[in-house]
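Inside the fold
Here is how the chains run, residue by residue.
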Amino acid sequence: MGWTLAARQGIRLLGQGALVAGAVGALSFVMTRALPGDAAYRIAAGRYGYDMVDTAAAEAVRAELGLDQPAWQQLLHWLGDLLQFRLGTSMVSGDPVADEIAHQLGHTLQLSLVAWLLAMVLGLLLGGWSALRSAHWSARWIQPLCTVLRASPAFVLGVVLMLALGVHLDWLPVAGHGDASYLVLPALALALTLVPGITQVVGQQLQQVLASDAFEFAQTKGMPVHAALWRHALAPLALGTLAYAGMQLVLLVEGVVVVESLVAWPGIGHALVHAVISRDVPMIQGTALAMGLLFVLLNGLVDTAVQWLDPRLRAPATTRANGSAA
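A brief look at the structure comes next. (Residues numbered from 1 in each chain as written. Predicted model: local features only at pLDDT ≥ 70, side-chain atom pairs only at ≥ 80, totals over all residues. Heavy atoms only, no water.)

**Here's the deal with the overall build of the chain**
In plain terms, the rule: Each helix is a run of DSSP H or I of at least 4 residues and each strand a run of E of at least 2, with the numbering of both proceeding from the N terminus. Residue exposure ignores everything except the shown protein chains as possible cover, and the areas themselves are Shrake-Rupley values with a 1.4 Å probe.
Assigned secondary structure in the chain consists of 15 helices and zero strands. When the accessible area of the chain is evaluated, it comes to approximately 17800 Å², of which 68% is carbon and sulfur surface.

Next comes the structure, spelled out in structure tokens:
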């Protein structure tokens, strides 16, 4: 029987998600156990405060949470819960990890979506200007600007934006969560990490279109430039930009951890950092798992969009299905 593209894509995503879940959970557990210091003291400090922690409080936490059990038993217990779609309970707050992640995930998705859309807009504008106005003096600054942005980590970009837009100009709030103005600075910091690559892809795609025979023929017939670009550049530009954006989604997911912690944005990345500090293993595993699955989902959606836009990617599958039916 023939499977549709959506069904095959869904099965592939489920397989990738299962692999990510097991790998992320195991690696998070091993890396947390490898951190120096006593986990019981850190967890007790997260509960009661560093000034209120003593040996008795740490030992009570150790006995309560079973931290004296062998590591392999603790890991198997978490994997068993995961198979039952349970992420456990936070060792610090005592709340279910799934409930805390559900609250934080909305903030992270909001920030990531705004950052991605902002990066696409800036990349399209800069890439289009560099290709269509290459002789203009302003286009000569685009490549050096992209080089600087490419070499700058999200942390550095965030600090620069905080100092420039938040402290000196007082245009935007530096940190926290509130109205839409609180979203601009962290979204811009994340977007600027993606802008150089998108600008390069857009510029190269437009240069290829401008040098193509189809575009020259359209100009020979008297078609306006904007109409010729809309007809001959839209499809390759959309495919190239989406394909690149899918490959660079890992930068967005990584940057979320840094930027959310920097500006105290109440998302998954911010929660992950606090969980690492307090050695809250279930929370570390849950947040890392959510970020891994988020990357798999976003990458799968981009792949599906690219295959939907490009019939050539669907042709082999259709041919094989017809051949099997025959």
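**Some details on the environment of Ala189**
Stated formally: In this description, contact between two residues means that some pair of their heavy atoms is separated by no more than 4.5 Å.
Here Ala189 lies in helix H8 (residues 181-210). Between the C-alpha atoms of Ala189 and Leu161, which are 28 residues apart in sequence, the distance is 7.2 Å. Beyond its immediate chain neighbours, meaning those up to four positions away, Ala189 contacts Leu157, Gly158, Leu161 and Val259.

**Re the nonpolar core**
The condition is simple: Here, nonpolar core means buried Ala, Val, Leu, Ile, Met, Phe, Trp, Tyr and Cys residues that are tied together by side-chain atoms lying within 4.5 Å of each other. When accessible area is computed with a 1.4 Å probe and restricted to protein chains, residues below 20% of their type maximum are described as buried, those above 50% as exposed, and intermediate ones as partly exposed.
Of all hydrophobic cores here, the largest spans 38 residues; its most connected members are Trp116, Leu161, Leu190, Leu192, Ile198 and Leu252. Mapped by element, the contributors of at least two residues to this core are helix H5 (97-132), helix H7 (154-168), H8, helix H11 (234-247) and helix H12 (249-263). Per element, the largest residue contribution to this core is 14 residues, and it comes from H8. Within the second largest apolar cluster, 22 residues are counted, among which are Leu13, Val97, Ile101 and Ile284.

**Considerations on helix H13 (residues 268-278)**
Buried within H13 are the following residues: Ile268, Gly269, His270, Ala271, Leu272, Ala275 and Ser278. Directly beyond the C-terminal end of H13, a positive phi value near 60° is found at Arg279.

**Some remarks on unusual backbone geometry**
A positive phi angle is found at Asp170, which is not glycine, with a value near 55°. Mapped onto the fold, Asp170 is located in the loop between H7 and H8. Although it is not a glycine, Ala264 adopts a positive phi angle of roughly 55°. Along the polypeptide, Ala264 turns up in the loop between H12 and H13.

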